[in-house]
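Residues per chain are reported as follows:
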Amino acid sequence: MEKSEINGHAMANSVSTDRILEKREKKSFKDKLLMFLNINLLVIMTVSGVLVGVGLGMMVRNMNLTRAQMTYFAFPGEMLLRMLKMIILPLVVCSLISGAASLDTRSLGKLGGIAVTYFLVTTLIASGIGVSLAFIIKPGVGAGALNTNNLGLESVTNSKETADSFLDLARNLFPANLVAAAFRSYATDYKMVAVGNDTNGTILYQKVPVGTDTDGMNILGLVLFAMVFGVALRKLGEEGEELIRFFNAFNEATMVLVSWIMWYVPFGIMFLVGSKIVEMDNVVLLVTSLGKYIFASILGHVIHGGIVLPLIYFGFTRQNPFSFLSGLITPFTTAFATCSSSATLPSMMKSVEENNGVDKRISRFILPIGATVNMDGAAIFQCVAAVFIAQLNNHELNAGQIFTILVTATASSVGAAGIPAGGIITIAIILEAIGLPTNDLSLMLAVDWIVDRTTTVVNVEGDALGAGILHHINQQEMKKLQQDPQELAEVRVEAQANAQEGEETSPLVTHVPVDVRPGTSTPEAVESFL
């Protein structure tokens, strides 16, 4: 028998050798396929859940279900939303406390400054895109005869003053009761108070603002408290280490719960999407009446999310933004189905860290803030809606009012709740600021379930790319630190037992061990800041 050697082993003739190599190639292809399915199983299941949900909704829609039956049909999707909302409070508070405690105050300030600048600039760009598209497409021109009665909608009124809306934003930053902030937020209401009589004896009334509590988590207040509390724990030094470890462990346990919930997402999303299709009323009439408004809003989201944000990411990192975004299909699908930036936060954290390799101390510090204050998609549709209502009422906007729309949309999107239809109330703030009636808001609410899906996807995309940019900036600073350590200010600190533990130190702080100094028995470490 002819023999040949391959990799040092005696083999039979070349025919058998070729067969063995073919088997190896086939096996390796099979292994690659199994590996691909194993890695992307959740993504495939989630996307399939949306598609199956659309088909299921179209089938069930023809069955003419009663309202009660629709509620039962939507129950699995409701359970998904409840699970995601359940995890938001511990996730936001623990991740921000541990993140702020792991960062030095100087690196924390620089990191926060970059993040806030990124959030404000991208939101302002989004507002500009929204206003520009509204003037180009003119969704409200020729639709003056359209009103809430045509579509059988209830009127939505909002009498809150613009000044009170922004004062409420400031008040919610500092909740009077931290426990109540977990389920209530502050909102101004008004009551009429008699202040005297006029010359004819008629009683004169004055509208007086009164503070009330409304249902809904005060995310802004919890975010600010968690950040400041984390910084305070770091300032305590050794005394605060035990509590920092507690929040780190709490954070890790929460992420384990998130990973379990993610496997229910495909099933829940299927019924979320299906139930929305079943509940749709007068779809043809809505699309024909408000089609230009829907088109302008979604086109703005496509431009901002598909061109502007990827270009900003590429400008900072010189990396392909779409390869970064390809690892975030699951949170994008969750955002599309739930219409909630807050509910997408657990999935986004998990995907950004595991699929894109973003440092968890950066992602868990930035993403909760971004889910609260960074609302690019909301700014676009709010600006389009404001111009749409102005055109609907044949109101010509001057340069000052356009500037007011841009600034107010950018500022008010910070306070927009990360929940479905959370941006409708902020449109009322914009309308009040430019002196337009708010009785047409019900038109926005009628099609919000369509527009809000792309809105939420753009919101969470901006958060994710911001985390990627900050991670890249951190990596660059670390390289500079290794190449040119002499040029950086160095602060010598005594090395502690946990100084090298990743969970207890900052991703922006590098510990460089040095030799033991003569006459001392304790080694020192060098701590360099971004």
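Scoring rules and cut-offs
- Residues numbered from 1 in each chain as written.
- Predicted model: local features only at pLDDT ≥ 70, side-chain atom pairs only at ≥ 80, totals over all residues.
- Heavy atoms only, no water.
- Helix = DSSP H or I, 4+ residues; strand = E, 2+ residues; numbered from the N terminus.
- Contact = heavy atoms within 4.5 Å.
- Core = buried A, V, L, I, M, F, W, Y, C linked by side-chain atoms within 4.5 Å.
- Buried < 20%, exposed > 50% of the residue type's maximum accessible area, 1.4 Å probe, protein only.
- Salt bridge = Lys/Arg side-chain N within 4 Å of Asp/Glu carboxyl O.
- Phe/Tyr/Trp six-rings, centres within 6.5 Å; stacked < 30°, edge-to-face > 60°.
- Pairing = 2+ DSSP bridges.
- Expected span 1.5 Å × (residues − 1).
- Axes fitted to C-alpha atoms, helices over the stretch in contact; angles between N-to-C directions.
- Left-handed = near helix turned anticlockwise from the far one by under 90°.
- Nonpolar A, V, L, I, M, F, W, Y, C, P; charged D, E, K, R; others polar.
- Patch = residues over 30% accessible without salt bridge, like charges linked within 9 Å, V, L, I, M, F, W, Y side chains within 5 Å.
- Areas by Shrake-Rupley, 256 points an atom, 1.4 Å probe, with all protein chains shown as cover.

Draft legend 1. Structural view of the overall build of the protein chain. Across its full length, the protein chain holds 17 helices and seven strands. The long-range share in the protein chain, meaning contacts at least 24 apart out of those at least 6 apart in sequence, stands at 78%.

Draft legend 2. Region of the structure containing the nonpolar core. By size, the foremost hydrophobic cluster in this structure holds 74 residues, and its most contacted members are F324, L328, M348, F365 and I366. When residues in this core are grouped by element, the largest group, 13 residues, is from helix α3 (residues 75-102). When neighbours within four sequence positions are excluded, M348 is seen to be in contact with L328, P331, F332, L367, V460 and A464. Counting residues in each nonpolar core, the second largest holds 36 residues, with I294, V384, A386 and I389 among its members.

Draft legend 3. Structural view of the pattern of salt bridges. Under the counting rule described, the total for this entry stands at eight salt bridges. Of the charged contacts in the structure, one is a salt bridge between E252 and K360, with a shortest N-O distance of 3.1 Å. Pair noted here: E252 is in helix α7 (residues 238-262) and K360 is in helix α13 (residues 360-373), with a separation of 108 residues, a long-range link. Classification of K360 by relative accessible area gives partly exposed; the value is 24%.

Draft legend 4. Seen up close, the packing of aromatic side chains. In total, this model carries 10 aromatic pairs according to the counting rule given. Ring centres 5.3 Å apart and planes at 35 degrees place the aromatic pair Y293 and F388 in the tilted group. Note that Y293 is positioned in helix α9 (residues 283-317) and F388 in helix α14 (residues 376-392), a separation of 95 residues in sequence. In this structure F388 comes out as buried when scored by relative accessible area, which is 0%.

Draft legend 5. Region of the structure containing the pairing of strand β3 (residues 184-197). Bridge count for β3 against strand β4 (residues 203-215) is 13 bridges, and the pairing is antiparallel. In the sheet register, S185 faces β4, and the bridge partner there is T214.

Draft legend 6. Main features of unusual backbone geometry. Backbone geometry at R318 places phi at a positive 55 degrees, although glycine is not the residue there. For R318, the position within the fold is in the loop between α9 and α10 (321-326). In this structure R318 comes out as exposed when scored by relative accessible area, which is 59%. A positive phi angle, close to 55 degrees, is found at N394, a residue other than glycine. Locating N394 in the fold gives a position in the loop between α14 and α15 (399-412).

Draft legend 7. A look at α14. Taking 1.5 Å of rise per residue, the 17 residues of α14 would be expected to cover 24 Å, and the 24 Å separating its terminal C-alpha atoms lies within 8% of that figure. Burial of α14 is extensive: 17 of the 17 residues sit out of reach of the surface. Count one or two residues on from α14 and you reach N394, which has phi positive near 55 degrees.

Draft legend 8. Highlighting the packing of helix α11 (residues 329-338) against helix α17 (residues 441-483). α17 packs onto α11 with a crossing angle of 145 degrees between their chain directions and a minimal axis gap of 7 Å. When you trace α11 past α17, the crossing you get is right-handed. Residue-level inspection shows F332, A335, F336 and A337 of α11 in contact with α17, the latter providing R453, T456, V457, V460 and E461. Split by residue class, the contact of α11 with α17 holds six nonpolar, one polar and two charged.

Draft legend 9. Local environment of a nonpolar patch on the surface. A cluster of nonpolar side chains, contributed by F29, L33, L34, F36, L37 and I44, occupies part of the molecular surface with about 580 Å² of accessible area. Its location among the elements puts F29 in helix α1 (residues 14-61).

Draft legend 10. Representation of the packing of α13 against α17. Interhelical geometry of α13 versus α17 gives an angle of 145 degrees and a closest axis separation of 9 Å. As α13 packs across α17, the resulting crossing turns out to be right-handed. Residues I362, I366, L367, G370 and A371 of α13 pack against D463, A464, A467, L470, H471 and N474 of α17. Grouping the amino acids of the contact of α13 with α17 by side-chain chemistry returns seven nonpolar, three polar and one charged.

Draft legend 11. Region of interest: the side chain of N251. On the secondary structure map, N251 appears in helix α7. A relative accessible area of 3% places N251 in the buried class. The contacts of N251, once residues within four sequence positions are left out, are L91, C94, S95, S98 and R364.

Draft legend 12. Up close: the environment of R171. As for its position among the elements, R171 is in helix α5 (residues 162-173). Its relative accessible area of 34% is what places R171 among the partly exposed residues. Sequence separation between R171 and G221 is 50 residues, and the spatial gap between their C-alpha atoms is 8.5 Å. Once residues lying within four places of it in the same chain are set aside, the contact partners of R171 are D164, Y186 and T188.

Geometry only, nothing functional implied.
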